[in-house]
Each structure stands twice: as structure tokens, then as C-alpha cells.
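Residue-level listing of the chains:
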Amino acid sequence: PEQKPAAQPADDMPDWSAYRGVLVYIEHRDGVAKSVSWQLLGQGKKLADKLEVDLMALVIGDNVKHLAEEAIAYGANRVFLFDAKELKSYRTRPYSRASMKVIHEIKPEIVLFGATATGRDLAGAIATHLPTGLTADTTELDVEPHPSRLLLASRPAFSEKMMATILCKQYRPQMATARAGVFEALPRDPNRQGEIVQFEFAMNESEIAAKVLDFIQDQSKINIEEAEIIVAGGRGLGGPEPFKMLKELADELGGVVGASRAAVDAGWIKHEHQVGQTGYTVRPKLYFAIGISGAVQHLVGMQNSGIIVAINRDPDAPIFKAAHYGIVGDLFQIVPAITEEVRKR
Ligand code: FAD
């Protein structure tokens, strides 16, 4: 990651001076924003400041003006808003049509989306229509300042063995999807001032050609990326059974269970619980690392957690370097004692 490409000579590239500003897509479900949207505004602000341009946001939905106001509270200077009943549920065609309208009119130089199912679908549809490049699933975003103004979009490549920085020199806007939990949102400031620009949406149902009949929530699936408390276990648990003990603690705290890849590869727990380079990147307020050694591939997925508590019987385990609180001892004694204590309070 340290070996960023050198600045590109500006005269190598077409004149993109008509394109200015950083635009972030605000993803939501039924008017409730995904936290990756605010995280991208946080990182987008850094890029916009470096390029000396506006940070802008795009909100699409039905009854979503409050999200435009929230986007301003989280750092946007200008928000483009589509508010229409046809836009209630995410559908590729109307959402990409609306996005492209803004991109054509506003001409942002950078457009960012969360690397979620929706973000990947929408960004891909837009990139093929414009046409421009799209760097998917990035974990680092930076810019070369003027004159090249290139987005340096980095992501793990070659089976996660190296980081690749991908440039889009021949087209604008430069687009990327970014993983949730990697970037930090700005503190919410409800007094921050900004402009909301309302766009008209006109597309009839026959043109949209897809209908959402119902959303059925898969209750068995956990949403580890949005969890505020994660109780994660690793190979030190020795098998699938002790994960029940972790679940008890997680339930007491209102959190979810996480896992290292060693535990997932052993088949003790599903991949949707895996934290790390090939799992989810998380940013909870509290993260328990239990029987996890702290390999670098695990650390990259959880090192931005608010408070990290490590429980390990090896006092030299690398996880203790990343932890705010460390307990050296046998997890089979310590975890039930913590659960017991939490129950009392
Ligand atoms: P170990 O390293 O074996 O650690 C187990 C720990 O448990 C030890 O520190 C031990 O002291 C402790 N312990 C044992 N018994 C007890 C007990 N009774 N009480 C207390 N402590 C105890 N790993 C990930 O986690 N996520 C990823 O996304 C990921 N992606 C990877 C991608 C690539 C390309 C590669 C090469 C590797 C990746 N890894 C990932 C694997 C990573 O390198 C480590 O192998 C893995 O994180 C180790 O898991 P662990 O800490 O659970 O196991």
C-alpha cells in the first residue's frame, strides 16, 4: 500500500476540467441509512478538501428528505434528492437513471458507493452506461492533488496477497465502491449548513420493467457490519460448541458473534461471521477477541473498533498489541465469568 503511483503528467490525459466535486451515494432501506454512507461522506470530505471541491450526496427514495438533511449533518455541502413513490424500493433501472441524470448535469469527478449488494449493482449499472471505469470493493481511497486529480482506489488483489491501486485515466467520473467499516464518519452536526437540490423523477412502470412484490428478511442472517458489539472467537475455542458460550455473552450485551478465519475454515461457524481481510471489516463500539491470536489478516478487519478486549492464554499473543484491555487466561473460565457479571448489572 505504501507504493502509491507517482503523479500522472496532466498533459497525458484529456481535459477533465468540466468535472469537479466528490459525490457519495446515500444507501438506505425504507429510509434508514446504511452506516457505510456516512463513512463514505467522512472519507469523501478528505478527498474533496484535498481537491478543493464540494462534497456532494445523492439521495434516492420515497419520503427521504430527512436523509438529505442527515447527509448535510454528516458533511455534505450539496445534496441531490429524488423523492418519488416509484423510488420506494431499490430497482436497478430507475435508480441508475436518476443517478445518471445527476452525474450528467453536475459532472462530479469522483462518485462513491458502499460495496454492498445494492451499491455494487447500482455502481456497475451506471459504469456500463456512462461509460467509465469502476474499482470495486476498495479499502483505501486517496487522491493525487491538482493537476492529475486522480482517484487512487486501492483494494486487495491476487487472492488478497497484495494491494492494487487502480486508476481511471481515460474517463470521468472516477467511480469506486468501498467496503463498510473501513472509513470513519465525521461527527454528526445537525447545525451544519448545506443545500438540498430536488430533482424531478419521470419514468413509468412499464419502462422500469421490474416490480418488488415483498421484502422477506432472512432472520437467520446476522448483520455484522452494522453491529455495535461483537463477541468474536477463534481457533482457541477448539470446536463449534463453545460458540454457544460466546452467543450467550453477545445476547446479554445486545451484540452479535464474530469469528476468525481459522474458526470459519474449520467449519465451526458460518462465513457471514468472519472478520478480517477475506471476511467483513467491522467498526463496532466494543469488540471481544477471544482465543484469537491477532494475525494481521484478522487485525485489518477489526482494528478500528472503539474498544478492543482480548482474552488469550498466551501473554505474547499479538492481539494484545491491538487491544485496549487484555485478559491473560483460559477463555473457558473468563467468558462465563464475564457473562455472569453482565447478567448481574
Ligand atoms: P490461531 O492463530 O491459531 O490463534 C488461536 C489463539 O487462541 C492463540 O493465540 C492461543 O493462544 C489462543 N488460545 C488457545 N486456547 C485458548 C484458551 N483455552 N484460552 C484462551 N486462549 C486460547 N484470518 C481472519 O481471521 N480473517 C480473515 O479474513 C483472514 N483472511 C486471510 C487471508 C489470507 C490471504 C491469508 C493468507 C490468511 C487469512 N487469515 C484470515 C488467516 C490468518 O492469517 C490467521 O491464520 C487466522 O486469523 C488465525 O485465526 P485464530 O487467531 O483464530 O487462530
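About the thresholds
Residues numbered from 1 in each chain as written. Predicted model: local features only at pLDDT ≥ 70, side-chain atom pairs only at ≥ 80, totals over all residues. Heavy atoms only, no water. Near = heavy atom within 4 Å. Polar contact = N/O pair within 3.5 Å; in protein donor to acceptor, adjacent residues only side chain to side chain. Areas by Shrake-Rupley, 256 points an atom, 1.4 Å probe, with all protein chains shown as cover. Helix = DSSP H or I, 4+ residues; strand = E, 2+ residues; numbered from the N terminus. Nonpolar A, V, L, I, M, F, W, Y, C, P; charged D, E, K, R; others polar. Axes fitted to C-alpha atoms, helices over the stretch in contact; angles between N-to-C directions. Parallel < 35°, antiparallel > 145°, perpendicular 65-115°, else oblique. Left-handed = near helix turned anticlockwise from the far one by under 90°. Contact = heavy atoms within 4.5 Å. UniProt positions renumbered as here; feature names shortened; annotations may be inferred. Salt bridge = Lys/Arg side-chain N within 4 Å of Asp/Glu carboxyl O. Buried < 20%, exposed > 50% of the residue type's maximum accessible area, 1.4 Å probe, protein only. Pairing = 2+ DSSP bridges.

Draft legend 1. Focus on the site of the ligand. Taken together, 27 residues lie near the ligand, and R235, S260, T278, S293 and N312 sit nearest. The separation between an oxygen atom of the ligand and a polar main-chain atom of R261 is 2.9 Å. Within the backbone of G279, a nitrogen or oxygen atom sits 3.3 Å from an oxygen atom of the ligand. Within the complex, 79% of the 980 Å² of free accessible area of the ligand lies under protein. At the level of secondary structure, the elements contributing two or more residues to the shell around the ligand comprise α7 (261-265), α8 (296-302) and α10 (331-344). Taken together, the residues of the shell around the ligand break down into six nonpolar, 15 polar and six charged.

Draft legend 2. Spatial organisation of the packing of helix α6 (residues 243-253) against α10. Contact pair α6 / α10: the axes reach a minimum separation of 10 Å and the direction vectors enclose 25 degrees. Judged on the interaxial angle alone, α10 and α6 are roughly parallel. Relative to α10, the crossing made by α6 is left-handed. Each of M245, L246, E248, L249, E252 and L253 in α6 lies in contact with α10, whose residues at this interface are L331, F332, V335, P336, I338, T339, V342 and R343.

Draft legend 3. Main features of the UniProt feature "domain: Electron transfer flavoprotein alpha/beta-subunit N-terminal" (unreviewed entry) in the protein chain. Taken from the UniProt record, the annotation "domain: Electron transfer flavoprotein alpha/beta-subunit N-terminal" (unreviewed entry) applies to residues 22-212. The span residues 22-212 is 30% helix and 30% strand, and its two end C-alpha atoms sit 31 Å from each other.

Draft legend 4. Structural view of the pattern of salt bridges. All chains considered together, the criterion is met by 22 salt bridges. The shortest N-O distance in the salt bridge between K88 and D30 comes to 3.8 Å. With K88 in the loop between β5 (78-83) and α3 (92-106) and D30 in the loop between β2 (28-29) and β3 (32-33), this residue pair connects regions lying 58 residues apart in the sequence. With a relative accessible area of 48%, K88 lands in the partly exposed category. With a closest N to O distance of 2.8 Å, E109 and R149 form a salt bridge. Here E109 is found in the loop between α3 and β6 (110-114), whereas its partner R149 is found in the loop between β8 (140-143) and β9 (151-157), with 40 residues between them in sequence. Each member of the pair, E109 as well as R149, is classed as buried. Each of the salt bridges in this network shares a partner with another, and the network as a whole consists of R20, E109 and R149.

Draft legend 5. Structural view of the sheet that holds strand β16 (residues 307-312). Read from one edge to the other, the open sheet built from five strands follows the order β14-β13-β15-β16-β17, with strand pairing classed as parallel. The open sheet is flanked by β14 (256-259) and β17 (325-328), the only strands paired with a single partner. The mean angle between the axes of side-by-side strands here comes to 20 degrees, regardless of whether they run parallel or antiparallel. Bridge count between strand β15 (residues 286-290) and β16: five bridges; the pairing is parallel. Its bridge partner lying in β16, F288 is registered against V309. Docked against the sheet, α6 engages β13 (229-233), β14 and β15, running at close to 170 degrees with respect to β13.

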